[in-house]
Amino acid sequence: MAMPKLNTDYERRPYWHSTMPLIHSRAGRQLPDSVDVAVVGGGYTGVAAARKLALQGAKAVLLEARNLGWGASTRNGGIVHPGYKWGPQSLTKRWGAATARAIYAETLEATELVFGLIRDNDIDAELRPSGWLELAWGPGHAAEFPEEAAALNAFGARARVVEKDQLRTEIGTAAYHGGLAIEPGGVLHPGKWFAGLVGLAERAGADLHDETAVRSIRRQADGRFVVETIRGAILARDVLVATNGYTDGAVPSVRRRIVPIGSYIIATEPLPEDLAHELSPTGRAYFDTRNFLSYWHVSADRRLIFGGRVSFLPTSVDRTARLLFRRMLEIHPQVAGHRVAFSWGGKVAMTFDRMPHIGRLGGIMHAVGYSGTGVLMSTYLGTRAAEWLGGGAPPALAKLRFPLVPAPYEGRPWFLPAIGEYFRLQDRLAVRGGARSSAASDEATSTGS
Ligand SMILES: Cc1cc2nc3c(=O)[nH]c(=O)nc-3n(C[C@H](O)[C@H](O)[C@H](O)COP(=O)(O)OP(=O)(O)OC[C@H]3O[C@@H](n4cnc5c(N)ncnc54)[C@H](O)[C@@H]3O)c2cc1C
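Residues numbered from 1 in each chain as written. Predicted model: local features only at pLDDT ≥ 70, side-chain atom pairs only at ≥ 80, totals over all residues.

Trainee: What is the right way to read the overall build of the protein from this model?
Mentor: Looking only at helices and strands, one finds ten helices and 18 strands in the protein. For 449 residues, the compact-globule estimate of 2.2 N^0.38 gives 22 Å, and the protein sits close to it at 21 Å. Its C-alpha atoms put the protein at 65 × 50 × 45 Å along the principal axes. Here the protein, with 449 residues, has 53% of them falling under the buried criterion. Looking at the protein alone, contacts between residues at least 24 apart form 77% of all its contacts between residues at least 6 apart. (Helix = DSSP H or I, 4+ residues; strand = E, 2+ residues; numbered from the N terminus. Rg over C-alpha atoms; globule rule 2.2 N^0.38 Å. Buried ≥ 20, exposed ≤ 12 C-beta atoms within 10 Å, placed from the backbone. Contact = placed C-beta atoms within 7 Å.)

Here's what the structure looks like:
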């Protein structure tokens, strides 16, 4: 059967923007001359840090180049999932049992933190704690699931294998070789959650500024930092860099460790109730084990929110809409005939070990590189960075060395097309039964979105 044609009258902006509360502009407000902490970047990481710093009584300022939430924090897929790119076994192989357990536990703590903030403050973020289902793209991937489920259970994340012939109880597709259902986590409305977090930060007394790009940061002889913004300089005892996939040249040491990658999403019009139920009987989030992965869920208003990594080359939301539309119908042909209403994209930050990083480089603190785990880990690491700056203990993740991109690199990832071709080949081999690519065969639990 011929593939239906994609309508072209969709809106080219995040669906979430059309349904989230307006975040009023904080542009032009007077900047302080000196602060305890300057936070650079106004997404989940920066706003969570600014909130916590204000609660701790620190004098802090948040500097956002565009407007609050302009980055990935109001563009993402809304999949809230503990865990990293690497499953418990790989974490153990790489960093030893104690560190592996400690850093995995931090993702479970992150889930508690985000879910707790939403519940305790009655934030309307459309939170659905329904867990998620990882879907095996190749038979070799499904064969790895039983061992992964055992390891996840041992690390405190309740998980079970869903055999291929049982998949229909979880999802309306026969396109996969089996599933791994993981209970902690779920989905939320990223824009509503961000607006709620901004509200919490302002109520705590955080000083937030839009349209204040930071140009450079340099250290003075007395140890303090001069933060040069387009609106003047601020003297800061400490600086937290929270710019993730939008990291620019203001902090070269962080940029040399991050590869920004495009991730794209389409959202359909609201689907009929019976179709929405057929696609997602349990309301979980879904993603598959491909390198060019897809991630999706049915939203509270019954839209299929379907995202993926479709290109490692510069591209457009029209081209990615066509690619995602085709992929969506390969997985869920039942959706044919329903309009796509929105198409958009944004940048995620990959690191060379595919782990988030928190720490200091040249005295400047960073919390970045979420590699697909950012909806949870950004709020968590922003909060932990603030606690650390206030004299608290660093998180276990701070033990990981933050690797440099192993190539001459100043922010333009010229090597991505080659990596993309390698990933594409791995995805083709997987269909013939190959194991998952990369160092670990037990890699699990990251949308990589
Ligand atoms: C399409 C898409 C889908 C995704 N889906 C998921 C998902 O389903 N689940 C998941 O866990 N993660 C997902 N992510 C990733 C997740 O959204 C991010 O990891 C998270 O939002 C990062 O938050 P952040 O605050 O660190 O960065 P961001 O929200 O990206 O904010 C960084 C901010 O820094 C600002 N900035 C940059 N340079 C400067 C400067 N020099 N001066 C001042 N400000 C500066 C930028 O303007 C930007 O607003 C997705 C991302 C995208 C793009």
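Trainee: Help me out: how do you make sense of the site of the ligand in this one?
Mentor: Around the ligand there are 46 residues in total, and Gly43, Gly71, Gly77, Gly346 and Gly374 lie nearest to it. Put simply, the parts of the chain that give the shell around the ligand at least two residues each are helix H1 (44-55), strand S12 (259-268), strand S16 (340-350) and helix H9 (374-389). Split by residue class, the shell around the ligand holds 18 nonpolar, 23 polar and five charged. (Near = placed C-beta within 6 Å. Nonpolar A, V, L, I, M, F, W, Y, C, P; charged D, E, K, R; others polar.)

Trainee: What is the right way to look at the confidence of the model for the protein in this model?
Mentor: Interpretation of this model should avoid reading the predicted coordinates in detail wherever pLDDT is low. A residue-level look at the protein finds 92% of positions with pLDDT of 70 or above and a mean pLDDT of 93. Scored below 50 in pLDDT, residues 438-448 shows 47 contacts in the model against residues more than four places distant or in partner chains. (pLDDT = per-residue confidence, 0-100.)

Trainee: Explanation requested: the packing of helix H3 (residues 97-120) against H9 in the structure shown.
Mentor: The N-to-C vectors of H3 and H9 enclose an angle of 90°; their axes lie 9 Å apart at closest approach. By the angle between their directions, the pair H3 and H9 is classed as roughly perpendicular. Residues Glu106, Thr107, Glu109, Ala110, Thr111, Leu113 and Val114 of H3 form the contact with H9, whose own contacting residues are Leu376, Met377, Thr379, Tyr380 and Thr383. Along the lines of polarity and charge, the residues of the contact of H3 with H9 split into six nonpolar, four polar and two charged. (Axes fitted to C-alpha atoms, helices over the stretch in contact; angles between N-to-C directions. Parallel < 35°, antiparallel > 145°, perpendicular 65-115°, else oblique.)

Trainee: Where do I start with the pairing of strand S15 (residues 304-308) in this structure?
Mentor: The two faces of a sheet get side chains in turn, since along a regular strand they alternate between them. Most of S15 is tucked away, with five of its five residues classed as buried. Neither face of S15 is open: one carries Leu304, Phe306 and Gly308, the other Ile305 and Gly307, and all of them are buried. Across four bridges, the pairing between S12 and S15 is antiparallel. Note that in S15 the partner of Ile266 across the bridge is Phe306. (Pairing = 2+ DSSP bridges.)

Trainee: Help me understand the pairing of strand S9 (residues 214-219), please; the structure alone is not making it clear to me.
Mentor: Note: S9 against strand S10 (residues 225-229), five bridges, orientation antiparallel. Pairing of Arg218 across the sheet is with Val226, part of S10. Hairpin connection of S9 to S10: five residues between the antiparallel strands, including Gly223 at a positive phi of 90°.

Trainee: Quick question: what am I supposed to make of the sheet that holds strand S14 (residues 294-298) here?
Mentor: The strands making up a sheet associate through hydrogen bonds between their backbones, and the pairing can be parallel or antiparallel. Read from one edge of the open sheet, eight strands run S5-S6-S4-S13-S14-S15-S12-S16, paired in mixed fashion. In the strand order of this sheet, the two ends are held by strand S5 (159-162) and S16, each with one partner. Here the average twist between neighbouring strands, direction ignored, is 20°. Against the sheet, helix H4 (residues 139-154) contacts S5 and strand S6 (179-182), and its axis sits at roughly 165° relative to S5. Together, S12, S14, S15 and S16 form the strand contacts of helix H8 (residues 317-331), whose direction differs from that of S16 by roughly 105°.

Trainee: How should unusual backbone geometry be read in this particular structure?
Mentor: Phi is mostly negative for residues that are not glycine, and the peptide bonds are mostly trans. Non-glycine residue Glu126 carries a positive phi angle of around 50°. In this fold, Glu126 is placed in the loop between H3 and strand S4 (132-135). Accessibility expressed as a C-beta count within 10 Å gives 18 for Glu126, which makes it partly exposed. Phi is positive for Glu211, close to 50°, though the residue is something other than glycine. Within the secondary structure, Glu211 sits in the loop between strand S8 (208-209) and S9. On the basis of neighbour count, Glu211 is assigned to the partly exposed category, with 17 C-beta atoms found within 10 Å.

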